[in-house]
Amino acid sequence: MRILLDIMCGGLPAYLRMCGHDTVYAGDRGIEADDALLALAADEDRTLVTRDVQLANRAEESILLESRDVDAQLAELSAAGLDLSLEAEPSFCGRCNGPLEAVGASRSTPKYAPDPAETAVWVCADCGQCFWRGSHWERVERALERARADARRE
């Protein structure tokens, strides 16, 4: 799914990108005005995710969130039908939404990243950030599992 998050949903981009959703965060593009958000959503065929009732009602496609808490917002997105499963091979950079590419086993990585000969590593083609399945991946997976379980209870 192609998603546009308004500035009230700033805790969600990395989670949604890790689930394979092409996710633009309005704050990254300096967009706050409702008309600009609606134009961007229409121009890029994105579903607007917002906590603003009036804005959601004006959008062609939207998901309205009620909570301010990120975990609760994830549960609301799951209840709305958004797939919140981590991708086996991540596609989008958690930082900038750029495309990720697998790092070959013989390539070098920055000091902060593991050796790609020992651990699968991906690099963003746009910003150069490296990603791998480490403790952060496991924490995100647990948060998403809780969100899906909370959504089933609602």
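All of the points below concern the structure found in this document.

Points about the overall build of the protein
Helix and strand content of the protein: 5 helices and 7 strands. Overall, the protein shows an N-to-C arrangement of helices and strands of β-α-β-α-β-α-β-α-β-β-β-α. Its C-alpha radius of gyration of 16 Å places the protein within 12% of the 15 Å reference for a compact globule of 154 residues. Seen along its three principal axes, the alpha-carbon backbone of the protein occupies a region of about 50 × 35 × 20 Å. Summarising the internal contacts of the protein: among those between residues at least 6 apart in sequence, 49% fall at separations of at least 24. Total accessible area on the protein stands at roughly 8,200 Å², and carbon and sulfur atoms take up 45% of it.

Focus: the sheet that holds strand S7 (residues 130-132)
With antiparallel pairing, the 3 strands of this open sheet are ordered in space as S5-S6-S7. Lying at the two open borders of the sheet, with one neighbouring strand each, are strand S5 (100-102) and S7. Averaged over all adjacent pairs, the angle separating strand axes in this sheet is 35°, with direction ignored. When strand S6 (residues 121-124) meets S7, the two strands line up antiparallel, connected through 3 bridges. Bridge pairing in S7 places Trp122 opposite Phe131.

Brief notes about the pattern of salt bridges
Taken as a whole, this structure holds 7 salt bridges when the rule is applied. Arg17 is the partner of Asp28 in a salt bridge, and the nearest nitrogen-oxygen pair spans 3.7 Å. With Asp28 in the loop between strand S2 (22-25) and helix H2 (34-43) and Arg17 in helix H1 (residues 13-18), the pair connects residues that are 11 residues apart, well separated along the chain. Arg153 is the salt-bridge partner of Asp150, the closest N and O atoms lying 2.3 Å from each other.

A few points about the nonpolar core
If you look at the biggest cluster of nonpolar residues, it comprises 23 residues, and the most contacted ones within it are Leu5, Leu12, Leu16, Val49, Leu77, Leu84 and Leu144. Contributions of two or more residues to this core are made by strand S1 (2-5), H1, helix H4 (70-79) and helix H5 (135-153). The leading source of residues in this core is H5, at 5 residues. With residues up to four places along the chain from it excluded, the contact list for Leu84 reads Leu16, Cys19, Leu74, Ser78, Leu144, Ala147 and Arg148. Core analysis: the second largest hydrophobic core is formed by 11 residues, Leu4, Val24, Leu38 and Ala59 among them.

Details of H5
Helix length check: H5 (19 residues) gives 27 Å between terminal C-alpha atoms against 27 Å at 1.5 Å per residue, within 8%. In this structure, the buried residues of H5 make contact with H1, H4 and S7.

Reading guide: rules and limits
Residues numbered from 1 in each chain as written. Predicted model: local features only at pLDDT ≥ 70, side-chain atom pairs only at ≥ 80, totals over all residues. Heavy atoms only, no water. Helix = DSSP H or I, 4+ residues; strand = E, 2+ residues; numbered from the N terminus. Rg over C-alpha atoms; globule rule 2.2 N^0.38 Å. Contact = heavy atoms within 4.5 Å. Areas by Shrake-Rupley, 256 points an atom, 1.4 Å probe, with all protein chains shown as cover. Pairing = 2+ DSSP bridges. Axes fitted to C-alpha atoms, helices over the stretch in contact; angles between N-to-C directions. Salt bridge = Lys/Arg side-chain N within 4 Å of Asp/Glu carboxyl O. Core = buried A, V, L, I, M, F, W, Y, C linked by side-chain atoms within 4.5 Å. Buried < 20%, exposed > 50% of the residue type's maximum accessible area, 1.4 Å probe, protein only. Expected span 1.5 Å × (residues − 1).

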